[in-house]
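In case you want the letters, here they are:
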Amino acid sequence: MSSAEPSTILQVQDLKVYFPITRGALFQHHVGDIKAVDGISFDVYRGETLGLVGESGCGKSTTGRGVLQLYKPTGGDVIFKGQSLIKSRPNEIRKLRQSMQMIFQDPYSSLNPRMTVGSIIGEPLEVFNLLPKAQRRERIQELLKRVGLNPYFINRYPHEFSGGQRQRIGVARALAVEPEFIICDEPISALDVSIQAQIINLLEELQAEMGLTYLFIAHDLSVVRHISDRVAVMYLGKLCELTDRAALYDNPMHPYTKALLSAVPIPDPDTEEQRQRILLEGDIPSPANPPSGCRFRTRCYMATDRCTEEEPEWRNVGDGSRAHWVACHHV
Amino acid sequence: MAALLDVQNLETKFFTQDGVVNAVNGVSFHVDEGETLGLVGESGCGKSVSMLSVMRLVSPPGRVTGGKVFFEGRDLLTLSEEEMRDLRGNQIAMVFQDPMTSLNPVLTIGQQMAESLRLHMGMTQAQAYKRAIELLEMVNIPEAANRIKDYPFQFSGGMRQRVMIAMGLSCNPKLLIADEPTTALDVTIQAQIIDIVKSLRRELGMAIVWITHDLGVVAGLVDRVQVMYAGFIVERAEVHEFFNNPLHPYSLGLIGSLPRLDARTREKLVPIEGLPPDLIELPKGCPFFARCRYRVAKCQNENPPLKPTRRPGHEVACWVASEKQMEAAQ
C-alpha cells in the first residue's frame, strides 16, 4: 500500500448520528440525544477490508447504516466515489446504492419468510431494472452457485435453510447488483464456529475475484484480525484507534485497544496461563450522557485530570509509510 | 476418590410433532470434587440438554429416557420432586446464558436472592438480605447495599450475569453448572466474569461444569474438556492434552476453523464442510461421517464408542483416530 497512492472509495468526515430522546405522549418534546455516532472520520481504500470493531452499543452498526444513509446522519459528510451522499438528491443516492450493498447480521430476520430465494436475490435486479426478465432467473442461479448453494434451491423459502445457508443467500442478494463496496454488519456472529469459517472464506474468495471493498463490522477481534487490512476501534460513538492490521495487533497504542486485545481468550492453555489481562472496571457509560473529555476515562487505567477536562484529539502518530491514528492524551 | 457427579448412559429425547429428536444419546461422564469440566460443542449438540437432564429440568415434550445420574452416590433420576427441589440451588446450582430472561423482572434483586437463602439455608429475611449483600460484593457489584433494592432492568447485562452467579453461589453449592454464562457479553465484561469465577473457585472449592462453544474460554478456565457432537461425546481429555493433541476429526475441524488472535500469519481457515446431522434421523454409523475428511467405509455403518487411547486420560470416539494415523494425516 505504501508504493502507489491508494485510491479512496469512501470518505467519512465527522459523521454524527443522533437518536432523539422525547418525552410526552401527545406533544413530544425533545429532551436529549443518544449520540450513537458522535463525529468520526475515516477513509476506505478501494479493494481493502476495513474492520470496525467495538463492543455492543459503541455505534459500529449505526456507523454502517449512517454511511449507507439508512439512518439520516445528524452531521458530517459521507463521500462515495467523490460524490457526497449527504448533498445528493434521493434519486442520485438510489443510483449510488447500486454500488453499495449490505450484508446483515441476523440471517433469520433479514430474509423475508414469504419470498422464495429466487425473488429475494432477484429483487435488487428488479429494483434497479438491471436485466431483462428472461435472463434474471439464469443470473440468480449463477449467483446461488457462486455462493455455494445448489441452483435448484431457487424456488425454496428461507425457512428451509440453515443459518449458514441463509447467510449465503444474504451474500448472493448483495452481489446481485455487482456492487463495488459491501458493508458486512456482523455477518457471522449468529453462526456456529465451523460455519463461520465457511462464510469468512466465501467473503475472502469473492473479494479476490471481484475486487470488492469491505467495511467489516464485528465485535470479534480474532475474526477482524483475520479478514482485515486495516482496523478501526470504536468506543461510545468515537474512534479510538485506526491503523493497519499488523500495527494494531502487535503495537496497540490506545489503552482501550490494549484492554480489548488482552481480554480475547486464546484457544491455547499454555498461552492463557501466561497472559496478563488488563481488566477494565465497570460498564460502558450511556451514550445519552457520555463522560466529559475522553469517553473512555471512566474505565481507563491511565486516566488523569487532563482526560476529564480535555477531549483527546484524533491525530496521526504514525511515520510516513504507515498511518496510525489514535485519540489519547497519553500516547 | 469417588466422583461428585457420575453420569451413566444418559439419554434424553424430545417427542415432537415432527418425530423423536435424539438430543442426548447415551453419554457417560463424571465430575470430580473441585474440578472444572468444559463441555464444548455447537448449537444443538446436546451440551445444554445433558446438563438440564442432570438437573431434571427438561420440560415436555422432552424426557430423560434412560441412564443414571449419581450425585454423591444418590441417583438423582430416582429422587422425588421434593427431594430434587431440596438439592437444586442448594447442592447443585445452575447459571443460565441469558441473564435477562432468567431473572424475574417484577422482583427486586434482593427479593430473588433472599428466596433461595431462606428456603435452603433457613435464614430469616434480615439475615438473607445481609448475606445477599455480601454475595453481591463478592462478585464486585458496587454499592451492593443500595443496588439490592433495584430491579433487574436497572442492571447492565454484565451486572445481571454477576447477579446470576452470586445467586448460584448463594448456598455454597458443591457443583455449579454454568450454561454459556458469558456468551451474550462483550469480551471485556467476559474477562471480568471469568476472573471472578476463577477466584471464587479457589476460595470455595466447588466443582464447575462450564458449557460453551468458545474454545478460547475453555483453554483458560477448565481442567478437562469434553466435546459433544449430535448428542454424543466424541472426545475427552485433560485441557493441555486436548489442545496439544486433538484426535477427533471434529475437534480438529473446530480448532482449524477458528481465527486466532495470536496467529503468526494470515492462513486460510479450514472450515468443516456441510451441516450437522438431523437429530430426528440420526445416521446409522458415526454422526460426523458426512462431514469427515478422514472417514473410512466402516464409519458409515458402525458408530464408534468413546474409548481410551494410549495417551493417559485421553478418550476418543473415532475408528480412524488411532494415534499414528492421525499424526500421519496432520
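Calculation criteria
- Residues numbered from 1 in each chain as written.
- Chains lettered and ligands numbered in written order.
- Predicted model: local features only at pLDDT ≥ 70, side-chain atom pairs only at ≥ 80, totals over all residues.
- Heavy atoms only, no water.
- Helix = DSSP H or I, 4+ residues; strand = E, 2+ residues; numbered from the N terminus.
- Rg over C-alpha atoms; globule rule 2.2 N^0.38 Å.
- Buried < 20%, exposed > 50% of the residue type's maximum accessible area, 1.4 Å probe, protein only.
- Contact = heavy atoms within 4.5 Å.
- Areas by Shrake-Rupley, 256 points an atom, 1.4 Å probe, with all protein chains shown as cover.
- Lys, Arg positive; Asp, Glu negative; His and termini not counted.
- Charge placed at Lys NZ, Arg CZ, Asp CG, Glu CD.
- pLDDT = per-residue confidence, 0-100.
- Phe/Tyr/Trp six-rings, centres within 6.5 Å; stacked < 30°, edge-to-face > 60°.
- Lys NZ or Arg CZ within 6 Å of the ring centre and 35° of its normal.
- Buried area = accessible area lost by both parts, 1.4 Å probe.
- Salt bridge = Lys/Arg side-chain N within 4 Å of Asp/Glu carboxyl O.
- Polar contact = N/O pair within 3.5 Å; in protein donor to acceptor, adjacent residues only side chain to side chain.
- Pairing = 2+ DSSP bridges.
- Core = buried A, V, L, I, M, F, W, Y, C linked by side-chain atoms within 4.5 Å.

What follows concerns the overall build of chain B. Across its full length, chain B holds twelve helices and twelve strands. The C-alpha radius of gyration of chain B comes to 21 Å, within 12% of the 20 Å expected for a compact globule of 330 residues. Principal-axis analysis of the C-alpha atoms places the extent of chain B at approximately 65 × 50 × 45 Å. When each of the 330 residues of chain B is scored for burial, the buried share is 53%. For chain B, contacts bridging at least 24 residues in sequence account for 63% of all contacts bridging at least 6. Roughly 14,400 Å² of accessible area belongs to chain B as shown, and the carbon and sulfur atoms make up 50% of that amount. Side-chain charges in chain B split into 34 positive and 38 negative, and the spacing between the mean points of these groups amounts to 2 Å.

Here the focus is the confidence of the model for chain B. Residue and element names in this part refer to chain B. Chain-level pLDDT for chain B is 88 on average; 96% of the residues reach the 70-or-more range. The lowest-confidence element of chain B is helix α12 (residues 323-329), averaging 54 in pLDDT; the highest-confidence one is strand β9 (residues 224-229), averaging 96. Interface predicted TM-score (ipTM) for the complex: 0.82; the corresponding pTM is 0.86.

It is worth spelling out the packing of aromatic side chains at this point. Taken as a whole and assessed by the stated rule, the structure comprises eleven aromatic pairs over all chains. Taking 5.3 Å as the distance between ring centres and 70° as the angle between the ring planes, the aromatic pair formed by Phe153(A) and Phe161(A) counts as edge-to-face. Taken as a pair, Phe153(A) and Phe161(A) share a single burial class, namely buried. Through a chain of ring-to-ring contacts, the aromatic side chains of Tyr235(A), Tyr256(A) and Phe296(A) assemble into a single cluster. The lysine or arginine in question, Arg295(B), covers the ring of Phe289(B), its NZ or CZ lying 4.9 Å from the ring centre. The aromatic ring of Trp319(B) is capped on one face by Lys298(B), whose charged end is 3.7 Å from the ring centroid.

What follows is about the environment of Arg136(A). Residue and element names in this part refer to chain A. With respect to the helices, strands and loops of the structure, Arg136 is situated in helix α4 (residues 133-146). Along the backbone, Arg136 and Cys307 are 171 residues apart, and their C-alpha atoms lie at a distance of 57 Å. Apart from residues no more than four positions distant in its own chain, Arg136 is found in contact with Leu125, Glu126, Asn129 and Leu131.

Many structure descriptions define interface size as the accessible area lost when the parts assemble. Contact residues are listed per partner, giving 46 residues for chain A and 43 residues for chain B. At the boundary of chain A with chain B, total buried surface from both sides reaches about 3,800 Å², with 56% on carbon and sulfur atoms. Summed over the shared surface of chain A and chain B, the number is two salt bridges. Note that Lys268(B) and Glu205(A) form a salt bridge whose closest N and O atoms lie 3.7 Å from each other. Summed over the shared surface of chain A and chain B, the result is 14 residue pairs in polar contact (both at pLDDT 80 or more).

Our focus in this paragraph is the sheet that holds strand β1 (residues 5-16) of chain B. All names here are of chain B. Spatially, β2-β1-β4-β5 is the arrangement adopted by the four strands of the open sheet, whose pairing is antiparallel. Because the sheet does not close on itself, it has two edges, and the strands there are β2 (19-31) and β5 (74-75). In this structure, β1 lies alongside β2, joined through ten bridges in antiparallel fashion. For Thr12, the partnering residue across the bridge sits in β2 and is Val24.

Turning our eyes to something else, we now look at unusual backbone geometry. The peptide bond linking Pro60(B) to Pro61(B) adopts the cis configuration, its omega dihedral lying at 10°. The backbone of Asn129(A) sits at a positive phi, close to 50°, despite the residue not being glycine. Of note, Asn129(A) is situated in the loop between α3 (117-127) and α4. You can call Asn129(A) exposed: its relative accessible area is 60%. Even without a glycine there, the phi angle at Glu143(B) is positive, about 50°. According to the relative accessible area criterion, Glu143(B) is exposed, its value standing at 59%.

On to the pairing of strand β6 (residues 92-95) of chain B. Residues and elements named next belong to chain B. Of the two faces of β6, the one holding Ile92 and Met94 and the one holding Ala93 and Val95 are both buried throughout. With four bridges connecting them, β6 and strand β7 (residues 175-179) associate as parallel partners. Within β7, the position partnered with Val95 by the bridge is Ala178.

Among the nonpolar cores identified, the biggest contains 69 residues, and Leu136(B), Ile165(B), Trp210(B), Val225(B) and Tyr250(B) are the most heavily contacted of them. Dropping the residues within four chain positions of it, Val225(B) is found in contact with Gly38(B), Val40(B), Val218(B), Glu235(B), Arg236(B), Ala237(B), Val239(B) and Phe242(B). Membership of the second largest hydrophobic core comes to 64 residues, among which are Leu175(A), Ile188(A), Ile199(A) and Ile200(A).

Quick look at the pattern of salt bridges now. Evaluation of the coordinates by the stated rule reveals 31 salt bridges over all chains. We note a salt bridge from Glu180(A) to Arg46(A), for which the minimum N-O separation is 2.9 Å. Highlighted residues: Glu180(A) in the loop between α5 (163-175) and β7 (181-185) and Arg46(A) in the loop between β2 (29-45) and β3 (49-53), separated in sequence by 134 residues. For Glu180(A), a relative accessible area of 24% corresponds to the partly exposed category. Arg46(A) gets classed as partly exposed once you look at its relative accessible area, which sits at 42%. Across the pair Glu72(B) and Lys174(B) runs a salt bridge whose closest N-O atoms are separated by 3.0 Å. Taken together, the residues span a long stretch of sequence, with Glu72(B) in the loop between β4 (62-71) and β5 and Lys174(B) in the loop between α6 (157-169) and β7 at a distance of 102 residues. The partly exposed category is assigned to Lys174(B), whose relative accessible area is 35%. Within the structure, one salt-bridge network assembled from shared partners comprises Arg146(A), Glu205(A), Glu209(A) and Lys268(B).

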